[in-house]
Amino acid sequence: MQGKFLTIEGAEGVGKTTNIDFIRQYLTSAGIDFIATREPGGTPLAEKIRELLLDAKQTAVSADTELLMMFAARAQHLAEKILPALEKGQWVICDRFTDATYAYQGGGRGIDTQRIAQLETWVQGSLRPDLTLLLDVPVELGLERAGNRSEPDRFEREKIDFFQRVRACYLERAAQEPQRFRVVDAARDLIEVQARIKQVLDEVIGA
Ligand code: TMP
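In terms of burial, strand β4 (residues 131-136) is largely enclosed, as 6 of its 6 residues are buried. Side chains Leu131, Leu133 and Leu135 of β4 all project onto a buried face; the interleaved residues Thr132, Leu134 and Asp136 project onto the opposite face, where all are buried too. Two strands pair when backbone bridges link them, and strand β1 (residues 5-9) and β4 are joined in this way by 4 bridges, in the parallel orientation. Residue pairing for β4: isoleucine 8 is matched across the bridge by leucine 133. Pairing between β4 and strand β5 (residues 181-185): 5 bridges, direction parallel. Residue pairing in the sheet places threonine 132 in a bridge with phenylalanine 181 of β5.

In structure tokens:
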């Protein structure tokens, strides 16, 4: 049986890392065979593309170049890691996937959604996540949380209105596809956030 494909999304500072750790622990305790990976990245070549994409010294990256590099990394990630795992029946837990492209390159950079959709079909065929967990916090709070971390990368250097467009795009996508998305209010206490995530995971485990 094909494994399940779960993606975790959200703008900066929503707590993805902490909550993905929680998801890994929960799936392990439930006896689920899974791999956890991330985008952009997940394979040696795609991690190299990630380095270029996040490099704050690259100040002249065009929006189309950025979009194509995201999908180049994704094509490699799918071929080398995601598809083989799903075919073996393993679950794949992916820290960001194509919804991030719609949110950042579409919402943030203003690239036409149709172009992103064409690349999505080209690179993924009919593959879409079975379930997407969208961790949502108000932009100001997210940036405040993320700001306490290390040197900002090329995306983290963007201004607040960029992240407002990213968040709005994520929420719009979640509203359009309620059967796939579960939106978690990640501004709440961690205990409450994780109780909600557990509920969502139980729903998928039971399905
Ligand atoms: P991370 O900080 O969650 O590891 O992700 C790296 C950055 O890449 C983050 O700022 C969002 C951005 N990104 C895109 O712009 N488009 C995409 O398709 C993906 C997967 C990530």
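Let's shift gears to the site of the ligand. Surrounding the ligand, one finds 15 residues, the nearest of these being Lys16, Arg50, Arg96, Thr101 and Gln105. At 2.7 Å from an oxygen atom of the ligand is found a side-chain nitrogen or oxygen belonging to arginine 50. Secondary structure elements with two or more residues in the shell around the ligand: α2 (44-54), α3 (63-87) and α4 (98-108). At 4 residues, α4 tops the list of elements feeding residues into the shell around the ligand. Counted by class, the shell around the ligand contains 7 nonpolar, 2 polar and 6 charged residues.

Here we take up the packing of aromatic side chains. With the rule as written, the count across this model stands at 6 aromatic pairs. Aromatic side chains tyrosine 104 and phenylalanine 155 sit 6.0 Å apart centroid to centroid with 85 degrees between the ring planes, which places their arrangement in the edge-to-face category. In this pair, tyrosine 104 sits in helix α4 while phenylalanine 155 sits in the loop between α6 (139-147) and α7 (160-176), placing the two residues 51 residues apart along the sequence. With relative accessibility at 7%, the residue phenylalanine 155 sits in the buried group. Following the ring pairs from residue to residue traces out a cluster consisting of Tyr104, Phe155, Phe162, Phe163 and Tyr170. Its guanidinium or amino end placed over the ring of phenylalanine 97, arginine 74 lies 5.1 Å from that ring's centre, counting from NZ or CZ. A cation over an aromatic ring shows up here: arginine 154 above the ring of phenylalanine 155, its NZ or CZ 5.0 Å from the ring centre.

Cut-offs applied
Residues numbered from 1 in each chain as written. Predicted model: local features only at pLDDT ≥ 70, side-chain atom pairs only at ≥ 80, totals over all residues. Heavy atoms only, no water. Buried < 20%, exposed > 50% of the residue type's maximum accessible area, 1.4 Å probe, protein only. Helix = DSSP H or I, 4+ residues; strand = E, 2+ residues; numbered from the N terminus. Pairing = 2+ DSSP bridges. Near = heavy atom within 4 Å. Polar contact = N/O pair within 3.5 Å; in protein donor to acceptor, adjacent residues only side chain to side chain. Nonpolar A, V, L, I, M, F, W, Y, C, P; charged D, E, K, R; others polar. Phe/Tyr/Trp six-rings, centres within 6.5 Å; stacked < 30°, edge-to-face > 60°. Lys NZ or Arg CZ within 6 Å of the ring centre and 35° of its normal.

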